[in-house]
Amino acid sequence: MKATNAVRVGFAGTPEFARVALAAMAAAGFDVPLVLTQPDRPAGRGLKLQASPVKQFAAAHGMPVLQPRSLRLDGKFPDDAAAAREALQAAALDVLVVAAYGLILPPWVLALPARGCLNIHASLLPRWRGAAPIHRAIEAGDAETGITIMQMDAGLDTGPMLLRQSVAIAGSDTTASLHDKLAALGGERVVQALRELDTLAPTVQPDAGVTYAHKIDKAEGAIDWSLPAAVIERRVRAFDPFPGASFTIGGETLKLWRAAVVPGQGTAGEVLPAGDGRLVVACGEAALDVLELQRTGGRRIAVRDFLHGHAVAPGTRLG
């Protein structure tokens, strides 16, 4: 694609969230002389090496790609870092856009582009700094989240903000659906920021309201039925698609993908009387109407279909 914007923009990103931003920049006509992304990783049942979504897009559009294992010149892979520095210097970037890259940028990278480094962050900073802002916003029951375009500094998502735009979190939103909304919004806002670099005024993040979105641990998916039903329901949506909320019944582990909070009372984890085709479970507060399940190796199915072949009597305790 022929560049129509004179600003030379490097890009560092890896997953689909970042690919959407890179595609928006390319569509807006920005010259992208260098793309950094994570090394290819084993994926799928065959564990074959697979290029990141960013690499796939960059390669398809003729953008030079570099995949250093580290950017630390004094780290485990100094040759990778030295090659990256040489490539970044040769690219003569005005600005480097970073989105879900997965590597920490050392000071020499932050200082190299003439106009610094911009980060696309999927929250309304300073709330939910860190690795999993989309998951944590849903889990916490936030009414809204958004995109922040920030000027990067040496801290963890602490730099001054250039643009913020909010988006409502729907009661049905999962991490997957909210991710797609924010990815599209992030692409729009970073294009705006690049076009308005000369006029945007940086705003220092306030000290009040800082929270951290810690990385999701697979173990968090295990359902604790002693929690209020509303908390469990939010976690079900927050952990969709990863790691998935799970529980055990009769020694089998099932994934719970969709549920609704309903009135009900009983011992936490106890199946309550609810009529044919329903599975209602008592929680620490209220109850959860289970709507969609998945057996190991199977597909997501409505709970009614599961109960056709797996009767669950009231009084059964779920693990």
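As the structure is a computational prediction, the values presented were derived from the model and not from experiment. (Residues numbered from 1 in each chain as written. Predicted model: local features only at pLDDT ≥ 70, side-chain atom pairs only at ≥ 80, totals over all residues. Heavy atoms only, no water.)

(A) Representation of the environment of Y101. Position of Y101 among the secondary structure elements: in the loop between β7 (95-99) and α4 (107-111). Apart from the residues lying within four places of it in its own chain, the contact partners of Y101 are A12, G13, T14, L36, T37, Q38, P68 and L71. (Helix = DSSP H or I, 4+ residues; strand = E, 2+ residues; numbered from the N terminus. Contact = heavy atoms within 4.5 Å.)

(B) Molecular detail of the pairing of strand β17 (residues 287-295). Most of β17 is tucked away, with seven of its nine residues classed as buried. One ladder, built from eight bridges, connects strand β14 (residues 252-262) with β17; its direction is antiparallel. Counted as the bridge partner of K255 is Q294 from β17. Examined bridge by bridge, strand β16 (residues 279-282) and β17 share four bridges and lie antiparallel to one another. When the sheet's bridge partners are listed, A282 is paired in β17 with A287. (Buried < 20%, exposed > 50% of the residue type's maximum accessible area, 1.4 Å probe, protein only. Pairing = 2+ DSSP bridges.)

(C) Summary view of the pairing of strand β8 (residues 117-121). Of all five residues in β8, five are buried; the element is thus mostly enclosed. Of the two faces of β8, both are covered, the one formed by C117, N119 and H121 as well as the one formed by L118 and I120. Bridge count for β7 against β8 is three bridges, and the pairing is parallel. Bridged to V97 within β8 is L118.

(D) Up close: unusual backbone geometry. In this structure, P126 follows L125 across a cis peptide bond, with omega equal to 15°. Relative to the assigned elements, P126 resides in the loop between β8 and β9 (129-130). Along the chain, D240 connects to P241 via a cis peptide bond; the corresponding omega equals 20°. Its location among the elements puts P241 in the loop between α7 (229-238) and β13 (245-249). Although it is not a glycine, L47 adopts a positive phi angle of roughly 50°. For L47, the position within the fold is in the loop between β4 (41-43) and β5 (48-50).

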